Amino acid sequence: TSSSMRVVKRLVAFVIFLSISIVSQAQSEKKLIQMGDNELKAENYDDALSYYERAYQLNAENAHTNFHIGMLYLDGIYKFNALPYLQKAYSLNPGI
């Protein structure tokens, strides 16, 4: 029937939208991590931390991001913030 076709069309449109959103978020996270890595190499530690924290907001399950946030906290004045990030990085990737 026409109402069931409308439901199917809406469902397909939603799945496509959701897929595009997920891909876009993954690309944004990757870009933020790259920016953080670049700032870290340039020794702009506050800027690096800002990029990594933004990437973390998109995906808290990234070992690389957790590791760098933890290390930047450890090297800065907020050492007490480092441990949870370093523990998370290790739990996600013991080889980190």
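The structure we're discussing is the one just above.
Here's what I pulled together on the structure shown here.

**Let's talk about the side chain of T65**
Stage number 1. If you trace the backbone, T65 turns up in helix α3 (residues 63-75).
Stage number 2. Residue classification places T65 among the buried residues on the basis of a relative accessible area of 0%.
Stage number 3. Once residues within four sequence positions are removed from consideration, T65 is found in contact with I33, Y52, A55 and Y56.

**Concerning the packing of aromatic side chains**
Stage number 1. According to the stated counting rule, one finds three aromatic pairs in the structure shown.
Stage number 2. Judged by centre distance (5.4 Å) and plane angle (70°), the rings of Y56 and Y85 are edge-to-face. One end of the pair, Y56, is in helix α2 (residues 45-58); the other, Y85, is in helix α4 (residues 82-92), and 29 residues separate them in sequence.
Stage number 3. What makes Y56 partly exposed here is its relative accessible area of 28%.
Stage number 4. Judged by its relative accessible area of 19%, Y85 is buried.
Stage number 5. Seen from their ring centres, Y78 and F80 are 6.0 Å apart, and the 85° between their planes marks the pair as edge-to-face.
Stage number 6. Exposure remark for F80: the relative accessible area of 61% places this residue in the exposed category.
Stage number 7. Put simply, the rings of Y56, Y73 and Y85 touch in pairs and so form one group of aromatic residues.

What counts and what doesn't
Residues numbered from 1 in each chain as written. Predicted model: local features only at pLDDT ≥ 70, side-chain atom pairs only at ≥ 80, totals over all residues. Heavy atoms only, no water. Helix = DSSP H or I, 4+ residues; strand = E, 2+ residues; numbered from the N terminus. Buried < 20%, exposed > 50% of the residue type's maximum accessible area, 1.4 Å probe, protein only. Contact = heavy atoms within 4.5 Å. Phe/Tyr/Trp six-rings, centres within 6.5 Å; stacked < 30°, edge-to-face > 60°.

Everything listed here is a matter of geometry and, on its own, says nothing about what the molecule does.
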